[in-house]
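Close look at the chain arrangement
Residues per chain are reported as follows:
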Amino acid sequence: MKKYILPLFLLFVFSISYSQNTLSFLQKDNSKIKVSFVSKNNEEEEQKLEIRNSQTGHTQIINNVETSITGKQSTLEINDYNFDGYTDFASFHTDDGMGVYTIYQIFIYNPKTKKFDSLKFPSNYNPKCDMFCDVKINKTKKTLSSSCRGGARNHTDIWKYDQNKKLILLKTESY
């Protein structure tokens, strides 16, 4: 019995660390998607994402993945960030300061191209947070919130998609 404990423990540890760098999921259109981090020359600052789509057989490479400059590990997460029924994903890491924020880069699935597009932070609004931090999804209200601290105040920007599927700032709460 004891000789099986170590291999099981190692398998469990390996599966946890592996799942942070790779995800696989079934899309609403029945294509299997596999997302993996790939580093050039094993340097974190040159990280990219490789996305394989089983339905098309194509591989999408995203080169502009935001990473920590201090080497903090990035992690992948799936969710429906634009509330269209398709599974999207995000890459996130803690900030390079004291590590109090989780900084997100969100990728939205485009069912027409069957590829993922980076969700651009809207520049035509005046949010309190200048990037997507500590993102929370409210599926009932179909909102996305981003929270940060500025000076002695905490701020939460609440985003929503309009009828044209464009991300708009609904409101900002400060306390």
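Before reading on, note that the structure itself is shown above.
Residues numbered from 1 in each chain as written. Predicted model: local features only at pLDDT ≥ 70, side-chain atom pairs only at ≥ 80, totals over all residues. Heavy atoms only, no water.

**Section: the environment of W159**
To keep things clear, this is the line we draw: Secondary structure is summarised from DSSP: a helix means a run of H or I of at least four residues, a strand means a run of E of at least two, and numbering begins at the N terminus for each.
Mapping W159 onto the fold places it in strand β11 (residues 153-161). Counting along the chain gives 10 residues from W159 to L169, while the straight-line C-alpha distance between them is 4.6 Å.

**A closer look at the pairing of strand β6 (residues 88-94)**
Worth spelling out the cut-off: Exposure categories follow from relative accessible area, calculated using a 1.4 Å probe and restricted to protein chains: below 20% of the type maximum is buried, above 50% is exposed, and the middle band is partly exposed. Paired strands are those between which DSSP finds at least two bridges.
Within β6, 6 of the 7 residues are buried, which leaves it mostly tucked inside the rest of the structure. Sheet topology places strand β5 (residues 75-79) next to β6; 5 bridges connect them, and they run antiparallel. The residue bridging T75 from the neighbouring strand is F92, located in β6. Taken together, the 6 bridges between β6 and strand β7 (residues 102-110) define a ladder with antiparallel strand orientation.

**Quick notes on unusual backbone geometry**
Residues apart from glycine generally show negative phi values, whereas peptide bonds are mostly found in trans. Here N30, not a glycine, exhibits a phi torsion of approximately 70°, which is positive. Mapped onto the elements of the fold, N30 is located in the loop between β1 (22-26) and β2 (32-39). For K142, which is not glycine, the phi dihedral falls at a positive 55°. Positionally, K142 belongs in the loop between β9 (136-138) and β10 (143-150).

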